[in-house]
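# Tertiary structure, described
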Amino acid sequence: MIPQAKVEVRVERVGSGALDGLRRLGDFCLLCVRTWRSAFRRHFPVRECLVQIESVGVRSLVIVGITSLFTGLVLALQTVDSLTRFGAKPYTGSLVGLAIVLEMGPVLTALMVGGRVGAGITAEIGSMVVTEQVDAIRAMGADPIQKLVLPRMLAVTLSLPLLTILADIIGILGGLLIALQHGITRHFYFQTIFSSVTLDDFISGVAKTFVFGWLIAMVACSNALATRGGTVGVGHATKRTVVIASISVLISDFFLTKILLTIL
Amino acid sequence: MSDLANDVPAIEMHKVCKAFGRKTVLLNLDLAIRSGETYAILGGSGSGKSVCLKHMNGLLRPDSGHVRIDGVDITHLSESALIDVRKSCGMLFQSGALFDSLSVFENVAYPLREHLKLSKAELAERVKECLAAVGLSSSQSLMPSELSGGMRKRVGLARVIALQPKTILYDEPTTGLDPGNSRRIGKLIRSLQERLRVTSVVVTHDLELCFAIADRIGLLKDGAMVSSGSVGEMRDSTHPVVRAFLRGDQDASLDEIESS
Ligand SMILES: Nc1ncnc2c1ncn2[C@@H]1O[C@H](COP(=O)(O)OP(=O)(O)OP(=O)(O)O)[C@@H](O)[C@H]1O
Ligand SMILES: [Mg+2]
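Worth saying up front: this structure is predicted, and the values here are computed from it rather than measured.

### Looking at the overall build of chain A
Scanning chain A from N- to C-terminus turns up nine helices and zero strands. Along the three orthogonal principal directions, the C-alpha set of chain A runs to about 65 × 60 × 35 Å. A burial count over chain A gives 46% of its 264 residues as buried. A total accessible area of about 13,600 Å² is found for chain A, and carbon and sulfur atoms account for 71% of it. Between the averaged position of the 23 positive side-chain charges in chain A and that of its 16 negative side-chain charges there is a distance of 2 Å.

### Focus on the environment of aspartate 201 of chain A
Residues and elements named next belong to chain A. Considering the arrangement of structural elements, one finds aspartate 201 in helix α8 (residues 199–225). Here the alpha-carbon distance between aspartate 201 and valine 101, two residues 100 residues apart in the chain, equals 6.9 Å. Ignoring any residue separated from it by four or fewer positions in sequence, one finds aspartate 201 in contact with Leu98, Val101, Leu102 and Ser196. Here threonine 198 takes part through its backbone nitrogen, which lies 3.0 Å from a polar atom of the side chain of aspartate 201.

### A word on unusual backbone geometry
Residues and elements named next belong to chain B. Unusually for a residue other than glycine, aspartate 70 sits at a positive phi of about 50°. Within the secondary structure, aspartate 70 sits in the loop between β4 (64–69) and β5 (72–73). Aspartate 70 sits in the partly exposed class, given a relative accessible area of 39%. Its identity is not glycine, yet aspartate 222 carries a phi of approximately 50°, on the positive side. Relative to the helices and strands, aspartate 222 resides in the loop between β9 (216–221) and β10 (224–230). The class for aspartate 222 is exposed, based on a relative accessible area of 56%.

### Structural notes on the site of ligand 1
Residue and element names in this part refer to chain B. Residues in contact with ligand 1 amount to 14 residues; listed here are only the nearest, Ser45, Gly46, Lys49, Ser50 and Gln94. The backbone of glycine 48 places a nitrogen or oxygen atom 3.0 Å from an oxygen atom of ligand 1. Between an oxygen atom of ligand 1 and a side-chain N or O atom of lysine 49, the distance comes to 2.7 Å. When the free accessible area of ligand 1 is taken as 630 Å², the share hidden by the protein chains comes to 64%. For the shell around ligand 1, the element with the most residues is helix α1 (residues 49–55), which contributes three residues. Of the residues that constitute the shell around ligand 1, the class distribution is three nonpolar, eight polar and three charged.

### Focus: the nonpolar core
Proteins that are soluble and globular tend to have nonpolar side chains buried together. Residue and element names in this part refer to chain B. If you look at the biggest cluster of nonpolar residues, it comprises 75 residues, and the most contacted ones within it are Leu31, Ile41, Cys52 and Met56. Residue contacts for cysteine 52: discarding those within four places in its chain leaves Met13, Leu26, Leu29, Leu31, Ile41 and Leu220. If you look at the next biggest cluster of nonpolar residues, it comprises 32 residues, including Phe105, Leu112, Leu163 and Leu192.

### Focus: the coordination of the magnesium ion (ligand 2)
Note on the magnesium ion (ligand 2): its protein donors are Ser50 of chain B (OG) and Gln94 of chain B (OE1). The metal-donor distances range over 1.9 to 2.2 Å. With a gap of 44 residues between them, serine 50 of chain B in helix α1 and glutamine 94 of chain B in the loop between β6 (89–92) and α3 (104–115) connect regions that are remote in the sequence.

### A short note on the packing of aromatic side chains
Aromatic ring pairs are reported here in terms of the distance separating the ring centres and the angle at which the planes meet. Residues and elements named next belong to chain A. Scanning all chains against the criterion turns up six aromatic pairs over all chains. Ring plane angle 75° and centroid distance 6.3 Å describe the contact between phenylalanine 28 and tryptophan 214, whose orientation is recorded as edge-to-face. Within this pair, whereas phenylalanine 28 is found in helix α1 (residues 4–38), its partner tryptophan 214 is found in helix α8, the two being separated by 186 residues in sequence. For phenylalanine 28, a relative accessible area of 16% corresponds to the buried category.

### Let's talk about the interface of chain A and chain B
Of the residues lining the interface, 16 residues belong to chain A; the matching set on chain B comes to 23 residues. Per-residue buried area on chain A facing chain B is highest for Glu132, Arg138 and Met140 of chain A; these three make up 35% of the total on that side. Across the pair glutamate 132 of chain A and lysine 54 of chain B runs a salt bridge whose closest N-O atoms are separated by 2.6 Å. Viewed at the interface, chain B and chain A are joined by nine residue pairs in polar contact (both at pLDDT 80 or more). Element by element, the count of residues in the side of chain A that touches chain B is highest for helix α5 (residues 133–139) of chain A, at six residues. Along the lines of polarity and charge, the residues of the side of chain A that touches chain B split into six nonpolar, four polar and six charged.

### What about the packing of helix α3 (residues 61–85) of chain A against helix α6 (residues 144–181) of chain A?
Residues and elements named next belong to chain A. Where α3 contacts α6, the two axes come as close as 7 Å, and the packing angle between them is 40°. Between α3 and α6, the crossing angle belongs to the class labelled oblique. When the axes of α3 and α6 are compared, the crossing they make is right-handed. The residues of α6 that touch α3, namely those facing Leu61, Val64, Gly65, Ser68, Leu69, Gly72, Leu73, Ala76, Leu77 and Val80, are Leu163, Leu166, Ala167, Ile170, Gly171, Gly174, Gly175, Leu177 and Ile178. Split by residue class, the contact of α3 with α6 holds 13 nonpolar, six polar and no charged.

### Observations concerning the sheet that holds β6 of chain B
Each strand in a sheet pairs with another by means of backbone hydrogen bonds, the pair being arranged parallel or else antiparallel. All names here are of chain B. Sheet architecture is open: six strands sit in the order β6-β7-β8-β3-β9-β10, paired in mixed fashion. With one partner strand each, in any of the chains shown, β6 and β10 form the two edges of the open sheet. Here the strands of the sheet are splayed against their neighbours by 15° on average, with no regard to which way each runs. Judged from the five bridges that link them, strand β7 (residues 167–171) and strand β8 (residues 199–203) form a sheet pairing that is parallel. Bridge pairing in β8 places aspartate 171 opposite valine 203.

### Here we look at the sheet that holds β5 of chain B
All names here are of chain B. As summarised here, the arrangement of the four strands in space is β2-β1-β4-β5, forming an open sheet in which the pairing is antiparallel. The two strands at the open ends of the sheet, each matched to only one other strand, are β2 (23–33) and β5. Sheet topology places strand β1 (residues 11–20) next to β4; five bridges connect them, and they run antiparallel. From the neighbouring strand, glutamate 12 faces β4, where its bridge partner is arginine 68.

### A word on helix α9 (residues 240–247) of chain B
Listing the buried residues of α9 of chain B in full gives Val241, Val242, Ala244 and Phe245 of chain B. Take α9 of chain B and look down its axis: the buried residues cluster within an arc of 165°, on one side only.

What counts as what
Residues numbered from 1 in each chain as written. Chains lettered and ligands numbered in written order. Predicted model: local features only at pLDDT ≥ 70, side-chain atom pairs only at ≥ 80, totals over all residues. Heavy atoms only, no water. Helix = DSSP H or I, 4+ residues; strand = E, 2+ residues; numbered from the N terminus. Buried < 20%, exposed > 50% of the residue type's maximum accessible area, 1.4 Å probe, protein only. Areas by Shrake-Rupley, 256 points an atom, 1.4 Å probe, with all protein chains shown as cover. Lys, Arg positive; Asp, Glu negative; His and termini not counted. Charge placed at Lys NZ, Arg CZ, Asp CG, Glu CD. Contact = heavy atoms within 4.5 Å. Polar contact = N/O pair within 3.5 Å; in protein donor to acceptor, adjacent residues only side chain to side chain. Near = heavy atom within 4 Å. Nonpolar A, V, L, I, M, F, W, Y, C, P; charged D, E, K, R; others polar. Core = buried A, V, L, I, M, F, W, Y, C linked by side-chain atoms within 4.5 Å. Donors = N, O, S within 2.8 Å, 3.2 Å for Na, K, Ca; no water. Phe/Tyr/Trp six-rings, centres within 6.5 Å; stacked < 30°, edge-to-face > 60°. Buried area = accessible area lost by both parts, 1.4 Å probe. Salt bridge = Lys/Arg side-chain N within 4 Å of Asp/Glu carboxyl O. Axes fitted to C-alpha atoms, helices over the stretch in contact; angles between N-to-C directions. Parallel < 35°, antiparallel > 145°, perpendicular 65-115°, else oblique. Left-handed = near helix turned anticlockwise from the far one by under 90°. Pairing = 2+ DSSP bridges. Arc of directions from axis to C-beta.

Shown next as structure tokens:
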């Protein structure tokens, strides 16, 4: 028998946890609406947007390049090996191409950028919250959502698809290196890719990343603005962003794929 | 006093209550600040002075009660409706709250860029004036991380006066400053009030500053104003808490009095 008091405490904890989650979800939705609205108000932050695109997009090039190169290499290595067992080695290009364009490119890029950029956004805005800089923006009659959230949302949403296209290309080139080693000619490799990967495949892969980017930015900003409790709070918020952003990417990927498969 | 008693107060707080979680910070706080006066809020550390100040421009909203600015109830105004209130009401934060990512110049220019359409030269001119007023003309291009605590506070003040607000809320303007700069800030606050009829609310521990610049003083304790009056009245006050505070044995003795 568990004493009743203990049960009550547990129930209360579950209840308050659930309420907390709901509140966060509510805040998240509210933030999305407000961010959307702030885009149409005076003082659109053009400069800040460019700065953010630089910091989100351009500075992610290296990490995206390395990730996709090695993904392509490993993927091709495994594929060549497995397919050889079935005597289907010539299909290496098709498989590598499809895997990268449909899933590996978009999702890995989103996860890497989500970790790097999401954590960065939460740490930066979270610190601004605890040092009253966000309050200072409000006190000056400006809108922190328009000044801070909107530029980051736009920057991540627009950069991620471009980074994904880059990742697709580098990943496929990585696969080519392995294919060449295994006696598949460059010409044949690309031919198999172009004959099996359709434009729709490519578009549906890239289209998903608009949603991923938007999700990552909004999760990061929403966590950041909810930061409480000094620098420790910033740490917690940052961790939460990395976890929630990655999970949201994976979950939304499933549903987006389902939807895209039916409509394309 | 030229202000008539029936004038609408510049800032009025009526039965304001505010709690964070289970911790009650303000409890039925009543306060009226006349237009053009300098009102000093005294109180022990953690007594809720900063929280009180943040209600005056809508950064915090009361759990119950009302805050009126020039007679307009701002308690339930939306953030966008508060913009006009905030444009004419500058706030100096206790920590300075400078933007870390922007240089001193850009920090001071921030509200100007936001609300005024100035040419580059005008902007630079205005920023220079404001920095000169706080004695920091030579630090324009530094980043906030390169400044001392006192310098940050002064840059914060420069940023506040940049828009020439009608009302200024100062949260401990002289804490962490050397005596010379303290006096300079005191003079600045006074001259803003005299030249531009700025309504000032000054939260401070600095009694010297308080007596030098304030028209009226309020003492905050246990979430409400325990006493409020002109500098003279407060000096002659027989209220034990006020006397203890003005004697300079602040928090410790306040608690002693309470327990005795
Ligand atoms: N955002 C907040 N969340 C939770 N509690 C808060 C918050 N802001 C203030 N408090 C609490 O309210 C109380 C009053 O805080 P406040 O900052 O107003 O004190 P203060 O009078 O300005 O003190 P000091 O002179 O040290 O600046 C403190 O006990 C603090 O714990
Ligand atoms: Mg304070």
